[in-house]
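Structure assessment
The residues making up each chain are set out below.
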Amino acid sequence: DSGVTQTPKHLITATGQRVTLRCSPRSGDLSVYWYQQSLDQGLQFLIQYYNGEERAKGNILERFSAQQFPDLHSELNLSSLELGDSALYFCASSAGGATASETQYFGPGTRLLVL
Amino acid sequence: QQPVQSPQAVILREGEDAVINCSSSKALYSVHWYRQKHGEAPVFLMILLKGGEQKGHEKISASFNEKKQQSSLYLTASQLSYSGTYFCGTEIDGANNLFFGTGTRLTVIP
């Protein structure tokens, strides 16, 4: 158990819909990272937040957005969902966030299926 | 910017050794190694920072050649528990995020 929690575990929805994935980092960690893992793409970095502010952006679509709240939990919002958005979405946390050169602890993931 | 891992897959018998390579076309600041078992989250193994260091953790160690922009993960005397997919994540100089390779699937058989 990494100490990172994600909800829900599974999500099934239809194309065009909007969903919100939630992540609570390990106690004391200030950074939250979001990753998408699909069968053909491997682990893709989406976005990082550090202490409430966006720190780095990766291959995140405009239909996706994220935020980190004052209590440091984070939400990833996916809208206008397409079949290709079906994937495992992982959240990871680390203590600091000045660089990515810190241990990242991964949550169990949310499996999203878009039908 | 995604690093290239090789081999894509490898099958070992218990006790055999393996090397997994990770190379980048960009200058690297750090390399991270993770192992992921099927249906589970990636688990951190180690980080190597710029400087050509080598790290070890029991029978799993890694090296980082900054000039060649590549890292290698060494698994010695493999155990059944080593089975899984190994990912390298690379942090490019000046960037602040990780790019992961497509993974190497390692299977250890009795």
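One structure accompanies this document, and this report is about it. (Residues numbered from 1 in each chain as written. Chains lettered and ligands numbered in written order. Predicted model: local features only at pLDDT ≥ 70, side-chain atom pairs only at ≥ 80, totals over all residues. Heavy atoms only, no water.)

Notes on the interface of chain B and chain A
Many authors give the size of an interface as the accessible area that is lost as the parts come together. Our working definition: In what follows, residue pairs with any heavy atoms lying within 4.5 Å of each other are defined as contacts. Salt bridge, as used here, is a side-chain nitrogen of Lys or Arg placed within 4 Å of a carboxyl oxygen of Asp or Glu. Under this definition, polar contacts are N or O atom pairs within 3.5 Å; protein pairs additionally need one hydrogen-donor-capable and one acceptor-capable atom, and for neighbouring residues in sequence, both atoms have to be side-chain atoms. Starting at the N terminus, helices and strands are each numbered in turn, a helix being any DSSP run of H or I of at least four residues and a strand any DSSP run of E of at least two. Throughout this entry, Asp, Glu, Lys and Arg are counted as charged residues, while Ala, Val, Leu, Ile, Met, Phe, Trp, Tyr, Cys and Pro are counted as nonpolar. The remaining residues, Gly among them, count as polar.
Across the contact, 18 residues belong to chain B and 22 residues belong to chain A. The tally of links between chain B and chain A comes to zero salt bridges. Our count for the chain B to chain A interface comes out at two residue pairs in polar contact (both at pLDDT 80 or more). When contributions to the side of chain B that touches chain A are tallied by element, the ones reaching two or more residues are strand S4 (28–36), strand S5 (43–49), strand S9 (84–92) and strand S10 (98–100) of chain B. By residue number, the principal contributor to the side of chain B that touches chain A is S4 of chain B, which donates five residues. The residue inventory of the side of chain B that touches chain A, partitioned by class, reads ten nonpolar, six polar and two charged.

Here we look at the sheet that holds strand S7 (residues 64–68) of chain A
Residue and element names in this part refer to chain A. For clarity, the cut-off: For two strands to be treated as a pair, DSSP must find at least two bridges joining them. Note on method: axes are straight lines fitted to C-alpha atoms, helices fitted across the in-contact stretch only, with angles between N-to-C directions ranging 0 to 180 degrees.
The strand order S1-S3-S8-S7 describes an open sheet built from four strands, whose pairing is antiparallel. Each having just a single partner strand, strand S1 (5–7) and S7 make up the two edges of the open sheet. Pairwise comparison of adjacent strand axes, ignoring direction, gives a mean angle of 15 degrees for this sheet. Pairing analysis gives five bridges linking S7 to strand S8 (residues 74–78), with the strands arranged antiparallel. Bridge pairing in S8 links Phe 64 to Leu 78.

A few points about the side chain of Ser 79 of chain A
Mapped onto the elements of the fold, Ser 79 of chain A is located in the loop between S8 and strand S9 (87–94). From its side chain, Ser 79 of chain A meets the backbone oxygen of Arg 63 of chain A in a polar contact 2.8 Å long.

Quick look at the state of the cysteines
Residue and element names in this part refer to chain A. Formally: By disulfide we mean two sulfur atoms from cysteines, separated by a distance within 2.5 Å. For the exposure calls, accessible area comes from a 1.4 Å probe over protein chains only, and a residue counts as buried if that area is under 20% of its type's maximum, exposed if over 50%, partly exposed in between.
For the structure shown, the criterion picks out two disulfides over all chains. Each sulfur of the disulfide joining Cys 23 and Cys 91 lies 1.7 Å from the other. Taken as a pair, Cys 23 in strand S3 (residues 19–24) and Cys 91 in strand S9 lie far apart in primary sequence, 68 residues in all. Taken individually, Cys 23 and Cys 91 each receive the classification buried, so the pair is uniform in this respect.

What to know about the packing of aromatic side chains
How two aromatic rings sit relative to each other is given by the distance of their centres and the angle of their planes. Defined as follows: Pairing of aromatic side chains here covers Phe, Tyr and the six-membered ring of Trp, requires ring centres within 6.5 Å, and sorts the geometry by plane angle: under 30 degrees stacked, over 60 edge-to-face, intermediate tilted.
Under the counting rule described, the total for this entry stands at eight aromatic pairs over all chains. When the ring of Phe 90 of chain A is compared with that of Phe 106 of chain A, the centres are 6.0 Å apart and the planes differ by 80 degrees; the resulting orientation is edge-to-face. Of the two residues, Phe 90 of chain A sits in strand S9 while Phe 106 of chain A sits in strand S10 (residues 105–106), which places them 16 residues apart along the sequence. Phe 106 of chain A gets classed as buried once you look at its relative accessible area, which sits at 4%. Ring centres of Phe 106 of chain A and Tyr 34 of chain B lie 5.3 Å apart, and the angle between their planes is 75 degrees; this geometry places the pair in the edge-to-face category. Pair noted here: Phe 106 of chain A is in strand S10 and Tyr 34 of chain B is in strand S4, and the two residues belong to different chains. Overall, the relative accessible area of 0% leaves Tyr 34 of chain B in the buried class. Grouping aromatic residues by their ring pairs yields a cluster made of Tyr 35, Phe 45, Phe 90 and Phe 106 of chain A together with Tyr 34, Phe 44 and Phe 100 of chain B.

Describing the pairing of strand S11 (residues 110–114) of chain A
All names here are of chain A. Burial of the side chains of S11 is restricted to one face: Thr 110, Leu 112 and Val 114 are buried, whereas none of Arg 111 and Leu 113 on the reverse face is. As defined by bridge partners, strand S2 (residues 10–13) adjoins S11 across four bridges and the pair is classed as parallel. From the neighbouring strand, Thr 13 faces S11, where its bridge partner is Val 114. Across three bridges, the pairing between S9 and S11 is antiparallel. What sits directly across from Leu 88, in S11, is Arg 111.

Here we look at the side chain of Gln 68 of chain A
All names here are of chain A. Along the chain, the position of Gln 68 falls in strand S7. What makes Gln 68 buried here is its relative accessible area of 7%. Of note is the side chain of Gln 68, whose polar atom sits 3.3 Å from the backbone oxygen of Leu 30. Of note is the side chain of Gln 68, whose polar atom sits 3.2 Å from the backbone nitrogen of Asn 51. Dropping the residues within four chain positions of it, Gln 68 is found in contact with Leu 30, Val 32, Tyr 49, Tyr 50, Asn 51, Gly 52, Glu 53, His 73 and Ser 74.

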